[in-house]
Amino acid sequence: MWRRIGYRLSQASPRARVAIVEDDAILREDLARIVRQASELEVAGMAESLADGRDLLATNPDVLLIDLALPDGSGIDLIGEARARHAGIKIIVVSIFGDARSVVRAIEAGADGYLLKGADPVEAAGAIRIVLQGGAPISPAVASHILTRMRDRRGATREELSAPLTEKEVAVLTDLAKGFRYKEVARLHAISPHTVADHVKSIYRKLAVNSRSEAVFEAVQAGLIRFDE
Amino acid sequence: MDGPADYQRSMTPPMPSQVRWPAAAAILMLLVVCWGGLLFVNALAENVSGRRVVEMLASDLPGDAFVARTLPHWHCCATTPMRFRTTLDVETANARDPAVLIVSAHDNARLFVDGELVAGDGPGAGDPTNWSRRPRLLHIPKPLARAGALIEIEVQRGVGFGHLRPIYFGEYDRLYPSYTALHFLRADLQAANGIIGAFVAAFCFAGASLLGARGLMYSLGGLAASWSLQVLGLAPSDPPWSGVVANGIYFTGYLGTNVLLIWFFVEWTSVFADKLSRPPRPLDLLLLPWPRQSRRRLAIVSVVVLAAGVAAIALMLRGDAAISSQDVDRVLGWLGLAAIAFCLVRVVAYYRRNGFRDLFEASAFLFVLIAAVADIVMVRFFFIYGVSLGAAVMFFPLALLLSLAARARGVFEAATATAEKLNLLVAAREREILDAMEELRRNERAAMLLEERGRIMRDMHDGIGGQLLGLLLQARSQKLSETALVSGLEQSLDDLRMVVDSLEQGEGSLTGALGAFRSRIEPRCEAADVELAWQIEDVGVTPNIGPDKTLQIYRILLEACTNALRHGRPRRIGVSLHRDAAGGVEIALTDDGAGFDLGAPLSGHGLANMQTRADRIGAFLRVTADANGTRVTLSLAA
């Protein structure tokens, strides 16, 4: 408590409030420790279930760290709700493996980035910071998965995606999938690393939009939604 | 009588009853109305308002004295020509326009008053133009009409039922309606029937090959043609051929009618029936359906009899045409009765066997047969015109066509039903096949899952299992420092993550797989302050490199990377991927460290391990080391 007040006093700008939703007590504590150790972050609250997580959202946090596998449901649902209720909230998925499938699903639901569980505290805080500053962390596996998914979806619906990726975005994504870092990609394409990040953010946004329109498309196909003509 | 019992019912489905009953009723009604109408006309014709002369003095010409004769008399026309004599009564003599109605059939009748020819032209005026059977209504010139005047009527009979009808005297206008009715029955109706018959015949002959039941169609067509031939022989009042030829035509038609009537009814009562289920007996020819072969023989016999009959008729007419005509007519009359009787028995047996399933057919057949009998009875025994056949002929073809249509429809419906059944069968088979395919796919998937599970277990055993076990044993023996524990656990987690990565990247993209690998080794390099030079070419799809090979490649590269970091103290580690000349891929990990002695025991284990993994996935591993550093190259088919 003293420390927090101390941080607050020493900090010119208010600290970002981080809500943590994680059912495993040790991992939850680890995340809390990472947040507390970062000077510009503070813990808004912790929850160990989807239900508690919803209550936590009411406190209007700046950042949501969320696990996908929760005892009473999938974190994906909460991500969707958080994105709908708080447009400005930064959502970061915490995952043991950072496996592309679940990360991409989270991004489609509206997540901004992901964090490996058990990561080095400095590294983890850095990842949170990047997201807070508007960055978009992306692993080669996730990039590769997004490419595959876009291709498959176009094939499946045989229609133009409502938000197709631009050629540049595809090129950037392809290089990211090969393992190149932002800086290297920037050099390869003769653009600034910021532009690469902008591309990735745009890709994330389109992924979410396409996911929503795909959901609508599938609902119409299934007869759940009817348009009155 | 075991006919109905051992006979299989025809499979022809009946028409839908909602259509059948009203239609049949309508046809029957048409027949009855037509019959009634004709009977009314007949009554009109018979109800002559004039003096009916039945007793006459008659004489076969030429010359003999008149003898008293009662009209009608069935002998009267066996010889021909004849002259009848009577006297004019007072009433007729006083009439405004006295006339005589000669009922039966004599275009060639001549009227003499007091020996003077006043109307008609007969044999006395040369050959008669026609022997047809029209009634005559002749004026008696007023100046000659006196009571007691001698009236002589001379006729020459052609053919017919062999009788002379009564003769009527009276007012022309009052006799006229009867004359018109008679004319209608004997001439106009005949012509209409003849035309209908011609149409039916044309339809049958044209449609025989189309409709299939050729015997049936030919016999029916022949029957209709015969009917038309009869009319052609009788009806025209001034044909371009002689009376003898006209008789020949009529007799040919008559004979044809008799012969083809038998053929047609045998066909009709056989063709729609199934095969007899037991050996045939003689009585079967009368009662049961004839087999196809017998029917074919009957057709041949019919044609032969027809030809022989026509020859016989021609021969007979070459002699005394008039007398022979009467003989032929009589013979054919009796033959016709026999034929009708045979057909009646067959039809009754047919309906006893099959039930009245086709109402059109049943009503039409019974009506036409009964009408024929009725006509014969009326003409032969009551000396009035038979009108029943005339009525029957009007609508018999219609009923027949409807009946055929119903059968065709039945056949069509049966075919449709069969097609539907087939469709269902095909659908069921399709489902079965799909189920079987699904089952097969499930089994395949199960086998794949089993293989995959085995592989993952092997991987776990290889990597994380061994590592965790090592850590556990060291911890137990208290030999484990905290740093070693953390690094050991990190290594285990890394290995686990590599397993996950390999599974995710196992879709044939080595480029992506190496990309994932970078995120695993990058932190270590950063921690050791080593620059990672990443030179990955897009090698396209690599279908031969699945999750299994990917994981082994990860491990080899990780081992090489670990070796480099641990022993070489490099400033820079390079990872490259490119296609080689053979179309395979080459992955290389280079460092600019001190290199190491390949023979040294320290690194021996790591190298041997890498070699084993390379062998397992069929890859070629080359490790070169010198003062400038170490290079580990892995080549494999993509």
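Our subject is the structure that appears above.
Structure report, in brief. Not measured: the values here are computed from a predicted model. Every residue gets a number counted from 1 within its own chain, in the order that chain's sequence is written. Here every chain gets a letter starting at A, and every ligand a number starting at 1, in the order they are written. Side-chain atom pairs in this predicted model are given and counted only at pLDDT of 80 or more, local residue features only at pLDDT of at least 70, and totals for whole chains, interfaces and linings cover all residues. Only heavy atoms go into the side-chain values, all of them from the structure, while hydrogens and water stay out.

A word on the side chain of B:Asn258. Strands here are runs of E lasting at least two residues and helices are runs of H or I lasting at least four, both read from the DSSP assignment and numbered beginning at the N terminus. Tracing the chain through its elements places B:Asn258 in helix α5 (residues 243–271). In this view, B:Asn258 contacts B:Leu332, B:Leu335, B:Gly336 and B:Ala339; residues no more than four positions away in its chain are not counted. Note on contacts: a residue pair qualifies if any of its non-hydrogen atoms lie within 4.5 Å across the two residues.

Paired through their backbone hydrogen bonds, the strands of a sheet run either parallel or antiparallel. All names here are of chain B. Strands were regarded as paired on the criterion that DSSP finds at least two bridges between them. On the basis of which strands lie adjacent, the open sheet formed by four strands has the order β1-β10-β5-β8 and antiparallel pairing. The open sheet has two free edges, formed respectively by β1 (51–53) and β8 (136–139), since each of these has just one partner strand. When strand polarity is set aside, the average angle formed by the axes of neighbouring strands in this sheet is 20°. Here helix α3 (residues 172–211) sits on the sheet in contact with β5 (98–102), β8 and β10 (167–171), set at roughly 135° to β10. Only the stretch in contact is used when fitting a helix axis, every axis being a line fitted to C-alpha atoms; angles between N-to-C directions are given from 0 to 180 degrees.

Residue and element names in this part refer to chain B. Strand order across the open sheet formed by five strands is β11-β12-β13-β15-β14, with mixed pairing between neighbours. Because the sheet does not close on itself, it has two edges, and the strands there are β11 (531–536) and β14 (620–626). On average, each strand axis in the sheet is tilted by 10° relative to the strand beside it, whichever way the strands run. As paired elements, strand β13 (residues 585–591) and strand β15 (residues 629–636) share seven bridges and run antiparallel to each other. Among the inter-strand pairings, Val585 is bridged to a residue of β15, identified as Leu636.

Residue and element names in this part refer to chain A. Accessibility here uses a 1.4 Å probe with only protein chains present; expressed as a share of the type maximum, an area under 20% marks a residue as buried, one over 50% as exposed, and anything in between as partly exposed. Among the five residues in strand β3 (residues 63–67), five count as buried, and that is most of the element. Burial of the side chains of β3 extends over both faces: Val63, Leu65 and Asp67 are buried on one face and Leu64 and Ile66 on the other. As paired elements, strand β1 (residues 16–21) and β3 share four bridges and run parallel to each other. Note that in β3 the partner of Val18 across the bridge is Val63. Examined bridge by bridge, β3 and strand β6 (residues 90–95) share five bridges and lie parallel to one another.

A word on the interface of chain A and chain B. Between chain A and chain B, the contact holds 19 residues from the first and 20 residues from the second. Two parts placed together each lose some accessible area; with a 1.4 Å probe, that loss summed over both constitutes the buried area. Buried surface at the junction of chain A and chain B, summed over both partners, amounts to about 1600 Å²; 48% is from carbon and sulfur atoms. When the area that chain A buries against chain B is broken down by residue, the three leading residues are A:Phe97, A:Lys178 and A:Arg181, summing to 36%. Salt-bridge detection follows one rule: a side-chain nitrogen of Lys or Arg within 4 Å of a carboxyl oxygen of Asp or Glu. The interface formed by chain A and chain B includes three salt bridges. Where A:Arg181 meets B:Glu526, a salt bridge forms, and the shortest distance between an N and an O atom there is 4.0 Å. Elements represented by at least two residues in the side of chain A that touches chain B include exactly α5 (100–109), α7 (140–157) and α8 (167–177) of chain A.

Next up on the list: the packing of α3(B) against helix α4 (residues 214–234) of chain B. Residues and elements named next belong to chain B. Packing of α3 against α4 leaves a shortest axis separation of 7 Å and a crossing angle of 160°. One way to sum up the angle between α3 and α4 is to call them roughly antiparallel. The handedness of the crossing between α3 and α4 is left-handed. Under the scheme applied here, ten amino acids are nonpolar (Ala, Val, Leu, Ile, Met, Phe, Trp, Tyr, Cys and Pro), four are charged (Asp, Glu, Lys and Arg), and all others, including Gly, are polar. Classifying every residue of the contact of α3 with α4 by side-chain character gives 16 nonpolar, eight polar and one charged. Note that the term roughly parallel is reserved for angles under 35 degrees, roughly antiparallel for angles over 145, roughly perpendicular for angles of 65 to 115, and oblique for everything else. Left-handed describes a crossing whose near helix is turned anticlockwise from the far helix by less than a right angle; the clockwise case is right-handed.

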